[in-house]
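Below are the chains, spelled out letter by letter.
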Amino acid sequence: MKPLAPRHRTSARTLLATGLITSLALVSGCAKSEDDTAGKDKSSASQDDQGQVVASPSSGSGPACAIDAYGAEKTDLKSATVGFSQSEKEANPFRIAETASIKAEADKLGVKLLTANAQSQFSKQISDVQDLIAKGADLLVIAPLNSDGWEPVLRSASAKHIPIITIDRKINATACKDYVSFIGSDFVEQGKRAADQMIESTGGKGEIAILLGAAGNNVTTERTQGFEDRIKEKAPGLKIVFKQTGEFAREKGQSVTENLIQSKPGITGIYAENDEMGLGAVNALKGAGKQPGAVKIVTIDGTRNAVQGIVDGWIDGVVESNPRFGPLAFQTLDTFTKGEKVSQDIVIQDSAYTKDNAKTDLGKAY
């Protein structure tokens, strides 16, 4: 892709998406590792009701970005090379489903895809993306590990006028200048919905703990903010007496919960900011001889194991965070590179799993 005019600054605001897309079919699969080419992950399961849907698609609402303002050149997506940077190890079902969705959509569209996995190391992700640029990526889709520290990548991309889409986490930069769009969930709202489920499960009384996600990204900050604000607003009888990071990992979630049980034996509920930490908490409770439901657990993601945990009585509720970004990410790139405007913030709708629907909807989980 060749450069055009210099970019103009456009301020970014967090608003709901425009009517770019009302719904998209899901293409998902299972990937165990990253490759430098697309199309090797052929296995997929497609269900219309699993696809990402843009929240409140009202035409013209929210700031948008156009290719002339960004300073790139119109192109045919199918003739371009797309680079995808995954942030975390392929041990987390969310990341497995996310990567598989990106690869499956690239394969479906016949788009050349270069991929890299940072293995949960931020310095590696920065060098990964710079390597994707060096290998000839015309467009970038990045799942950021951290929100800060992206200046080296942004300078490299800017020099070559490469459009960037970020998915599932934001970077602290200026939309339509440093990157085109963010696609992801409303994480504050996810925290509020998790709080509502905790209030319902506990009756609004008792002592609760928060297993925080990894530091340094907007997902952890906003899921915590939404949960704490809603508890303060609606359930003053629920006291948050413990907060510690489980780093979005099952093993760390288990070890933190083991310490929690020792220090706070009368704990009423645990809010885990992702399913993996919640499943680690379940393991800790089992190891301590607790019975299902003795401690109320609410999580966020929507993995199959967590939803099964509801069926088995160990987990009370799961707020979905849909990882299947492939169709929406490529549609956004296609729209943008054709010269049409796209939203700077594309917020997706997320469903939820409860005791009422966990068994019937288990097949929708990833």
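Residues numbered from 1 in each chain as written. Predicted model: local features only at pLDDT ≥ 70, side-chain atom pairs only at ≥ 80, totals over all residues. Heavy atoms only, no water.

Digging into the sheet that holds strand S10 (residues 296-301)
Phase 1: Read from one edge to the other, the open sheet built from 6 strands follows the order S8-S7-S9-S10-S11-S14, with strand pairing classed as mixed. Each end of this open sheet is capped by a strand with a single partner; those strands are strand S8 (238-245) and strand S14 (352-353).
Phase 2: Where strand S7 (residues 206-212) and S8 come together, 7 bridges link them in parallel fashion. Of the residues in S8, the one forming a bridge with Gly206 is Leu238.
Phase 3: Of the strands in this sheet, S7, S8 and strand S9 (269-272) touch helix H7 (residues 250-263), which is tilted by about 135° from S8.
Phase 4: Each of S7, S9, S10 and strand S11 (317-320) touches helix H8 (residues 275-287); the most contacted strand, S10, lies at about 155° to it. (Pairing = 2+ DSSP bridges. Helix = DSSP H or I, 4+ residues; strand = E, 2+ residues; numbered from the N terminus. Contact = heavy atoms within 4.5 Å. Axes fitted to C-alpha atoms, helices over the stretch in contact; angles between N-to-C directions.)

Looking at the sheet that holds strand S6 (residues 181-185)
Phase 1: Pairing within the open sheet is parallel, and its 6 strands lie in the order S3-S2-S4-S5-S6-S13. Looking at strand neighbours, the two that pair on one side only are strand S3 (112-117) and strand S13 (345-348), the edges of this open sheet. Within this sheet the neighbouring strands show an average axis-to-axis angle of 15°, counted without direction.
Phase 2: Looking at chain direction, strand S2 (residues 81-86) and strand S4 (residues 139-142) are connected through 4 bridges and run parallel. For Val82, the partnering residue across the bridge sits in S4 and is Leu139.
Phase 3: Strands S2, S3, S4, strand S5 (164-167), S6 and S13 of the sheet are contacted by helix H10 (residues 326-337), whose axis makes an angle of about 155° with S6.

Side note on the pairing of S13
In summary, the side chains of a regular strand alternate between the two faces of the sheet.
Phase 1: Here S13 shows a buried face lined by Asp345 and Val347 and a second buried face lined by Ile346 and Ile348.
Phase 2: The sheet contact formed by S6 and S13 spans 4 bridges and is parallel. Each residue of the ladder has a partner; that of Ser185, found in S13, is Ile348. (Buried < 20%, exposed > 50% of the residue type's maximum accessible area, 1.4 Å probe, protein only.)

Regarding the packing of H7 against H8
Phase 1: One can describe the packing of H7 onto H8 by two numbers: an axis separation of 7 Å at closest approach and a directional angle of 45°. Here H7 lies oblique to H8, going by the angle between them. Considering how the two elements wind past one another, H7 and H8 form a crossing that is right-handed. Between H7 and H8, the contacting residues are Arg250, Gly253, Gln254, Thr257, Glu258 and Ile261 on the first element and Glu276, Met277, Leu279, Gly280, Ala281, Asn283, Ala284 and Leu285 on the second.
Phase 2: Of the residues belonging to the contact of H7 with H8, the class tally is 6 nonpolar, 5 polar and 3 charged. (Parallel < 35°, antiparallel > 145°, perpendicular 65-115°, else oblique. Left-handed = near helix turned anticlockwise from the far one by under 90°. Nonpolar A, V, L, I, M, F, W, Y, C, P; charged D, E, K, R; others polar.)

Describing the packing of aromatic side chains
Phase 1: Here the structure, examined in full by the defined rule, presents 5 aromatic pairs.
Phase 2: Plain terms: the ring middles of Phe94 and Tyr366 are 6.3 Å apart, the flat faces sit at 70° to each other, and that makes the pair edge-to-face. One end of the pair, Phe94, is in helix H2 (residues 93-109); the other, Tyr366, is in the segment after S14, and 272 residues separate them in sequence.
Phase 3: Under the relative-accessibility criterion, Phe94 is labelled buried at 7%. (Phe/Tyr/Trp six-rings, centres within 6.5 Å; stacked < 30°, edge-to-face > 60°.)

Quick word on the environment of Glu276
Phase 1: Summarising the element assignment, Glu276 is placed in helix H8.
Phase 2: Sequence-distant contacts of Glu276, defined by excluding residues within four places in its chain, comprise Asn92, Pro93, Phe248, Ala249 and Arg250.

What about the state of the cysteines?
As used in these notes, a disulfide is a covalent bond between sulfur atoms, one from each of two cysteines.
Phase 1: Scanning the entire structure with this criterion turns up 1 disulfide.
Phase 2: The disulfide that involves Cys65 links it to Cys176, with 2.1 Å between the sulfurs. Judged by the sign of its S-S torsion, about 80°, the cystine formed by Cys65 and Cys176 is right-handed. Of the two residues, Cys65 is situated in strand S1 (residues 64-65) and Cys176 in the loop between S5 and S6; the sequence distance between them amounts to 111 residues. Accessibility assignment for this pair places Cys65 and Cys176 in one class, buried. (Disulfide = S-S within 2.5 Å.)

With respect to the pattern of salt bridges
Phase 1: Here the structure, examined in full by the defined rule, presents 16 salt bridges.
Phase 2: Note that Arg95 and Asp168 form a salt bridge whose closest N and O atoms lie 2.9 Å from each other. Taken together, the residues Arg95 in helix H2 and Asp168 in the loop between S5 and S6 connect sequence positions 73 residues apart. Here Arg95 matches Asp168 in class, with each residue buried. (Salt bridge = Lys/Arg side-chain N within 4 Å of Asp/Glu carboxyl O.)

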